[in-house]
Amino acid sequence: MKCMETYPWFCGQFDENPVFDLQLFAGEKTEKPTAKRQSDARNKGQVGKSQEISAAFVLLSGFISLNVFGASIYDQIVSYMIYIFSHLYQPVDVESVMRLFLGIVEILAKTALPIMVVIMVTGLMINLFQVGIVFTMEPLQFKLENLNPINGFGRIFSKRSLVELVKSILKIVVVGMFVYQYLLDEILQMPKLISADLPTTLHVITGVVMFLAFKICAVFLVLAILDYVYQKWQHLEGLKMSKQDIKDESKQSEGDPQIKGKIRQKQRQMAMQRMMQEVPKADVIVTNPTHFAIALKYTAGMPAPVVIAKGQDLIAQKIKEVARESRVTIVENKPLARALYAATEIGDAVPQELYKSVAEVLAYVYRLKNKKLA
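Residues numbered from 1 in each chain as written. Predicted model: local features only at pLDDT ≥ 70, side-chain atom pairs only at ≥ 80, totals over all residues. Heavy atoms only, no water.

**Q** Help me understand the overall build of the protein, please; the structure alone is not making it clear to me.
**A** When its secondary structure is counted, the protein shows 13 helices and 4 strands. Burial analysis of the protein (374 residues in total) assigns 25% to the buried set. Put simply, the protein shows about 26300 Å² of open surface, and 65% of that area lies on carbon and sulfur atoms. (Helix = DSSP H or I, 4+ residues; strand = E, 2+ residues; numbered from the N terminus. Buried < 20%, exposed > 50% of the residue type's maximum accessible area, 1.4 Å probe, protein only. Areas by Shrake-Rupley, 256 points an atom, 1.4 Å probe, with all protein chains shown as cover.)

In structure tokens:
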């Protein structure tokens, strides 16, 4: 008994019919993130993004550029080197040094700039593909908790860091195996290059390097696609919500249902007060006599009488009560009361098909008033 009083949630496990308190699991994040939660995370810069897929495509685009522009780059560098060595006899002065510097800048612009542009455009396109356009200063804001060494150690030895370590080791092992296997097959061809001329040697070595590079890029690309899928999954897992989180979000976005109910109740009360203030101005109250009450008003110039108040059951009784206090005539006409209640709203004119019945009621009311005045 003492155990049950102190640890009821624990001792219940040893009963024949264990009872679990489900409130203990109320905070478990098992629900998919809502669109609002994903939008808020995106506005804070929290998006599912894989650095590996960006690096893989940048590396691939770089080697493709080298393969496309390689011959042109080689020719320009060779031409400039020939130019430099053919002008070594010129005296060294400010003008020659400046000319040499400008020549190097021009060669770099012609050779490196196209590759840099291709890499930059590829990186931008891959990032746009992954996350679209996101502009936020949230990640750059200064936060004191980022200086906490305990939090820093927590990030270093976190599950995410462990996953990144495993990925890095996997890349090194897989790429290393491909490089080793490829070079093991090609190393036997290298002694043949001893007697070859420089262009032939460069051509063979370039072919070996390019083939190996594309093979490595293919491996990186497969690993990057797997990492992209994992990062998307991990991002959604990190945004998962509990049932209470969804309720709280609903309250924040749509308003607390209790508060909304009180607002609607207050609005109904105010509308009721305004309607009751109009009842003393009515010419007649048409009743059912217990279930419906409709207040009609008619003044000269109106195309038809107007409904200024209507109600059912308790509201109908209140309308009749106010009418008696204000000495407004109450006429019992069950079919007319039902028809007016169903066909009109407050402020509406009487429908044309009810003109005759309403006119008879108003004529009766006017005759009563005239008798009282007489």
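Once the structure has been displayed, the description carries forward.
**Q** Just to check I follow, could you spell out helix H5 (residues 94-131) for this structure?
**A** For an α-helix, 3.6 residues make a turn, and residues three or four places apart therefore share a direction. Along H5, the sharpest change in direction is near 40 degrees and occurs at Ala-112; proline Pro-114 comes one to four residues later. Within H5, burial applies to Ser-96, Gly-103, Ile-107, Thr-111, Ile-115, Thr-122, Gly-123, Ile-126, Gln-130 and Val-131. For H5, the secondary structure elements touched by its buried residues are helix H3 (35-43), helix H4 (51-86) and helix H8 (198-238). Within two residues after H5, Gly-132 carries a phi angle of roughly 75 degrees, on the positive side. (Bend = angle between axes of the 7 residues up to and from the residue. Contact = heavy atoms within 4.5 Å.)

**Q** Help me out: how do you make sense of the packing of H4 against H5 in this one?
**A** Helix-helix packing is described using two parameters, namely the angle between the two axes and the distance between the axes. Where H4 contacts H5, the two axes come as close as 9 Å, and the packing angle between them is 165 degrees. Here H4 lies roughly antiparallel to H5, going by the angle between them. The element H4 and its partner H5 pack so that their crossing is right-handed. A breakdown of the residues in the contact of H4 with H5 according to their chemical character gives 18 nonpolar, 11 polar and 2 charged. (Axes fitted to C-alpha atoms, helices over the stretch in contact; angles between N-to-C directions. Parallel < 35°, antiparallel > 145°, perpendicular 65-115°, else oblique. Left-handed = near helix turned anticlockwise from the far one by under 90°. Nonpolar A, V, L, I, M, F, W, Y, C, P; charged D, E, K, R; others polar.)

**Q** Help me understand a nonpolar patch on the surface, please; the structure alone is not making it clear to me.
**A** Taken together, the side chains of Leu-113, Met-116, Val-117, Met-120, Val-121, Leu-124, Met-125, Leu-128 and Ile-133 define a hydrophobic patch exposed on the protein surface, amounting to about 910 Å² of accessible area. Mapped onto the fold, Leu-128 is located in helix H5. A relative accessible area of 43% means that Leu-128 is categorised as partly exposed. (Patch = residues over 30% accessible without salt bridge, like charges linked within 9 Å, V, L, I, M, F, W, Y side chains within 5 Å. Salt bridge = Lys/Arg side-chain N within 4 Å of Asp/Glu carboxyl O.)

**Q** Explain the sheet that holds strand E3 (residues 306-312) here, please?
**A** In a beta sheet, neighbouring strands pair by backbone hydrogen bonds and run either parallel or antiparallel. Taken in spatial order, the 4 strands make up an open sheet running E3-E2-E1-E4, and their pairing is mixed. A strand with exactly one partner marks an edge of an open sheet, and here the two such strands are E3 and strand E4 (329-332). Within this sheet the neighbouring strands show an average axis-to-axis angle of 20 degrees, counted without direction. Judged from the 4 bridges that link them, strand E1 (residues 284-287) and E4 form a sheet pairing that is parallel. (Pairing = 2+ DSSP bridges.)

**Q** Got a minute to help me understand the pairing of strand E2 (residues 292-297) in this structure?
**A** The side chains of a regular strand alternate between the sheet's two faces. A large share of E2 lies buried, amounting to 5 of its 6 residues. Here E1 runs beside E2; their pairing, made up of 4 bridges, is antiparallel. Bridge pairing in E2 links Val-286 to Ile-294. Here E1 hands over to E2 after 4 residues, the two strands then running antiparallel side by side. Pairing between E2 and E3: 6 bridges, direction antiparallel.

**Q** When you look at the side chain of Lys-320 in this model, what are you seeing that I'm missing?
**A** With respect to the helices, strands and loops of the structure, Lys-320 is situated in helix H11 (residues 314-325). For the buried Lys-320, no salt bridge exists, and the shortest N-O distance to an oppositely charged side chain is 8.1 Å, to Glu-332. Discounting residues that sit within four places of it in the chain, Lys-320 has contacts with Thr-287, Pro-289, Thr-290, Ala-293 and Ile-330. (Lys, Arg positive; Asp, Glu negative; His and termini not counted.)

**Q** Explanation requested: the side chain of Asn-288 in the structure shown.
**A** Here Asn-288 shows up in the loop between E1 and E2. Classification of Asn-288 by relative accessible area gives buried; the value is 4%. Looking at Asn-288, its side chain comes within polar contact range of the main-chain nitrogen of His-291, at 3.2 Å. If sequence neighbours within four positions are ignored, Asn-288 has contacts with Glu-332, Lys-334, Ala-337 and Arg-338. (Polar contact = N/O pair within 3.5 Å; in protein donor to acceptor, adjacent residues only side chain to side chain.)

**Q** Which parts of the structure should I look at to understand unusual backbone geometry?
**A** Outside of glycine, negative phi angles account for most residues, and trans bonds account for most peptide bonds. The backbone phi angle of Asp-313 is positive, close to 55 degrees, even though this residue is not glycine. One can find Asp-313 in the loop between E3 and H11. In this structure Asp-313 comes out as partly exposed when scored by relative accessible area, which is 39%. Non-glycine residue Arg-327 carries a positive phi angle of around 60 degrees. Within the fold, Arg-327 resides in the loop between H11 and E4. A relative accessible area of 79% places Arg-327 in the exposed class.

**Q** Hey, could you run me through the nonpolar core in this one?
**A** Nonpolar side chains tend toward joint burial in soluble globular proteins. Judged by nonpolar contacts, the single largest core of 16 residues is most densely connected at Val-284, Val-286, Leu-296, Leu-340 and Val-358. For this core, the elements supplying multiple residues, two or more each, are E1, E2, helix H12 (334-343) and helix H13 (355-373). Ranked by residues supplied to this core, first place goes to H13 with 4 residues. If near-sequence neighbours (up to four positions away) are discounted, Leu-340 is found in contact with Val-286, Ile-294, Leu-296, Val-350, Leu-354 and Val-358. Core analysis: the second largest hydrophobic core is formed by 15 residues, Ala-282, Ala-293, Ile-308 and Ala-316 among them. (Core = buried A, V, L, I, M, F, W, Y, C linked by side-chain atoms within 4.5 Å.)

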